[in-house]
Amino acid sequence: MATSMSDPRPRLGVPVDEWETDVLVIGGGLAGLVAARVAGTAGARVTVLAKGFAGADGVSPFAGGVALCLFPEDDLDAFLDEHEWACEGLVHREAVTRVAAISGRLWEWLAAQGVPVEREPLGTLRRRWLRVGGRSRVPRLALESVSFMRHLRRCALAAGARILDHGVVTELLTGEDGGVAGAVGFRYQEGRLFRIRARAVVLAAGGCAWRGAHMGVHSAMGEGYGLAARAGAELASMEYCTSYIATCSLFDSHGQDVLAALGGRFRNRLGENILERHGEPDPAPPQRLTLAMLTEWLEGRGPVVFDLRAIPAERRRQWERDFPLVARALARTGVDVFAQPVPWIPGFTGSIAGSGGVRTLDLAGRTTVPGLFAVGDTACRTPVVGAGSGLTYLNLSWALASGYWAGAAAAELAREGLPAPTEPAVEAEAWNRALAPLGREGGTRPVDVLRRLQRLVVDPERNFFRSAAGLKSSLRDLEGVWDDVCRLAAADWHDLVRCHEVEHATLTALAMFSSALVRQETRGWHRRLDFPRRDDTHWRRWTVARLEPCGERPAFRVHTIALEDPAAFDARLPAAEVGVLP
Ligand SMILES: Cc1cc2nc3c(=O)[nH]c(=O)nc-3n(C[C@H](O)[C@H](O)[C@H](O)COP(=O)(O)OP(=O)(O)OC[C@H]3O[C@@H](n4cnc5c(N)ncnc54)[C@H](O)[C@@H]3O)c2cc1C
């Protein structure tokens, strides 16, 4: 494949830092910092790279902080049955069982290290039972995400991890044996390149929201997917990189869907309850609510409003005590959502409330590239959230569990010694590609390319109501976007960050539309007007996309794998867990 930034010019004068580590963690969100903490505790030398400031960037600090937390005494089977229903299938039941079953222990483990989590008077973790995201009764912790993430950064440092903030990875390095060998990139505040050699790399670079509607998603630009695909890893279920989570159109705040747990009603212009009108349960899984909202708009009964006027004052006060973070954020907006119906829209969240991502082979997050692990929003989450997800649900617990398992497995792998060497010419080429847009004259601006891209991926008429003709047209339009990516010009180092983001977001869109064309059914977030029904006979399968090294423009070859295929996913508990939990 001709890469976008194939303009190798020597960049004499740009200093290069060269480091060596056992485990390189790319991303300083929840999944990355947990992986760093665990790998460091297990004795590995750990380096964390974050595009912004680890513990304060990524989507983690913006999360509503509502996390699944099951204890052994809870009814796991009842939880799983309802979960599978709300996810519309494609879940690997054993995998989600493992994540749910370990969630309580892992939150306890973090709390024991001083991470702020509320407790009951008798000392157990404080949990709330919520009706949300289509589930009737799920126990969740409520975390104050900002201070929680700040503390997690300290935990990673205390385990000996070195954190390099403001470092953007532009390419993974592979060794002569095909395994991962480290990464290259640049630090934009200092104007320096870097090369880090590592035996194991944990990709924790978040998801892709193409700068969608929600707070905190600005940094989620698909870099984890693009980096992995270009290093030869497979992506899976990429058609599920689309999602639209209901949010107020007047402002954005954390965890608005926990408001739905109070029993508010979504109404159309005629005052009708739209879930009732569409025969959907209340609460409805987010993909069903989105369908109802968009249909109302398209059929001329919009706008949709959210009506909380019938909520008794005492329930409101209790809710404010239970979710102080969300309540505070709402109060700051100055709009009293309990006093009047407020306009509500399906806000685009891309893969974050979807489930596509880097294909992992097991719970430790191993990918098809030896030494490369994927965790959190970077990993494909279909095994645990199937065809539908939602922000206020399993995501934080998945980020925690996957980071924990991968951190342990990566530390264990690192004991095997150094990675195979990378050819110096390959490294030099990677550095040149990293810098190519800098100072390029007469090129395209990243903001313009992003706008073109957003018109393809955010528009529900293209990417929620899909059809073969529409997807093919989007793929053709993406060719033009890619040509623009190849001409990206960066005015300065900060602009250079945007160029790389846009490149990876374009690759992610390509994988998404290519995979969506292959899945010929409607299920969860993937809706095909030309195949309007769920087809369990032929489509209990995951799609797998591989970047093809051919032609001028990138292309993904997509095949499918049956859920029942033993090669699809190994859901046994990773052996490396032993010894890390207290
Ligand atoms: C508004 C909102 C509310 C949410 N509420 C909830 C909730 O209540 N409950 C729940 O379970 N889930 C919730 N979620 C989802 C949850 O927050 C995420 O699934 C989870 O935090 C993902 O963590 P992560 O570590 O995988 O990714 P992130 O937190 O996104 O971290 C990614 C990291 O990778 C870094 N990075 C990216 N690219 C590069 C690069 N090229 N080089 C170096 N570093 C890079 C980023 O800077 C960042 O540090 C919410 C999400 C949003 C957006």
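Just so it is clear, the structure is predicted and the values come from calculations on it, not from any experiment.

Quick notes on the rules
- Residues numbered from 1 in each chain as written.
- Predicted model: local features only at pLDDT ≥ 70, side-chain atom pairs only at ≥ 80, totals over all residues.
- Heavy atoms only, no water.
- Helix = DSSP H or I, 4+ residues; strand = E, 2+ residues; numbered from the N terminus.
- Rg over C-alpha atoms; globule rule 2.2 N^0.38 Å.
- Buried < 20%, exposed > 50% of the residue type's maximum accessible area, 1.4 Å probe, protein only.
- Contact = heavy atoms within 4.5 Å.
- Areas by Shrake-Rupley, 256 points an atom, 1.4 Å probe, with all protein chains shown as cover.
- Lys, Arg positive; Asp, Glu negative; His and termini not counted.
- Charge placed at Lys NZ, Arg CZ, Asp CG, Glu CD.
- Pairing = 2+ DSSP bridges.
- Axes fitted to C-alpha atoms, helices over the stretch in contact; angles between N-to-C directions.
- pLDDT = per-residue confidence, 0-100.
- Core = buried A, V, L, I, M, F, W, Y, C linked by side-chain atoms within 4.5 Å.
- Salt bridge = Lys/Arg side-chain N within 4 Å of Asp/Glu carboxyl O.
- Near = heavy atom within 4 Å.
- Polar contact = N/O pair within 3.5 Å; in protein donor to acceptor, adjacent residues only side chain to side chain.
- Nonpolar A, V, L, I, M, F, W, Y, C, P; charged D, E, K, R; others polar.

**With respect to the overall build of the protein**
Of the regular secondary structure elements, the protein holds 17 helices and 18 strands. Relative to its length of 582 residues, the protein is compact, with a C-alpha radius of gyration of 23 Å against a globular reference of 25 Å. In terms of principal-axis extent, the alpha carbons of the protein reach across some 65 × 55 × 50 Å. Taking all 582 residues of the protein together, 63% fall into the buried category. Look at the contacts in the protein between residues 6 or more apart in sequence, and 76% of them connect residues 24 or more apart. When the accessible surface of the protein is totalled, it reaches about 20,800 Å², and 52% of it is carbon and sulfur. A distance of 3 Å separates the average location of the 68 positive side-chain charges in the protein from that of its 69 negative side-chain charges.

**As for the sheet that holds strand E4 (residues 128–132)**
Strand order in the open sheet formed by three strands is E3-E5-E4, with antiparallel pairing between adjacent strands. Each of the sheet's edge strands pairs with one partner strand only, and the pair in question is strand E3 (66–68) and E4. On average, adjacent strands in this sheet sit at an angle of 60° to one another, irrespective of strand direction. As paired strands, E4 and strand E5 (residues 135–142) are joined by four bridges and run antiparallel to one another. Each residue of the ladder has a partner; that of Leu130, found in E5, is Val138. Each of E3 and E5 touches helix H2 (residues 76–87); the most contacted strand, E5, lies at about 105° to it.

**Describing the confidence of the model for the protein**
Taken residue by residue, the protein gives an average pLDDT of 91. The fraction at 70 or more is 95%. Predicted confidence for residues 1–10 stays below pLDDT 50, and this span has 27 contacts to residues more than four positions away or in other chains.

**Quick notes on the nonpolar core**
Counting residues in each nonpolar core, the largest one holds 164 residues, and the members touching the most others are Val23, Trp107, Leu172 and Trp210. A total of 14 residues in this core trace back to one element, the largest contributor, which is helix H12 (residues 395–414). What Leu172 contacts, discounting residues up to four positions off in sequence, is Ile26, Gly182, Ala183, Val201, Leu203, Leu227, Ala228, Ala231 and Leu372.

**Brief notes about the pattern of salt bridges**
The final tally for this structure, using the stated rule, is 59 salt bridges. Put simply, Arg316 and Asp336 hold a salt bridge, and the shortest N to O gap is 3.6 Å. Remark: Asp336 occurs in the loop between helix H10 (324–333) and strand E14 (342–348) and Arg316 occurs in helix H9 (residues 313–322); sequence separation between them is 20 residues. By relative accessible area, Arg316 is classed as partly exposed at 26%.

**So, the site of the ligand**
Contacts to the ligand come from 35 residues, most closely from Asp57, Ser60, Val66, Asp377 and Leu391. At a separation of 2.9 Å, an oxygen atom of the ligand approaches a polar backbone atom of Gly28. Take Ala31: an N or O atom from its main chain is 2.9 Å from an oxygen atom of the ligand. Protein chains shield 99% of the accessible area of the ligand, which is 1,000 Å² for the free molecule. For the shell around the ligand, the elements supplying multiple residues, two or more each, are helix H1 (30–41), strand E7 (167–174) and H12. In terms of residue count, the dominant contributor to the shell around the ligand is E7 (three residues). Tallied by class, residues from the shell around the ligand come to 18 nonpolar, 13 polar and four charged.

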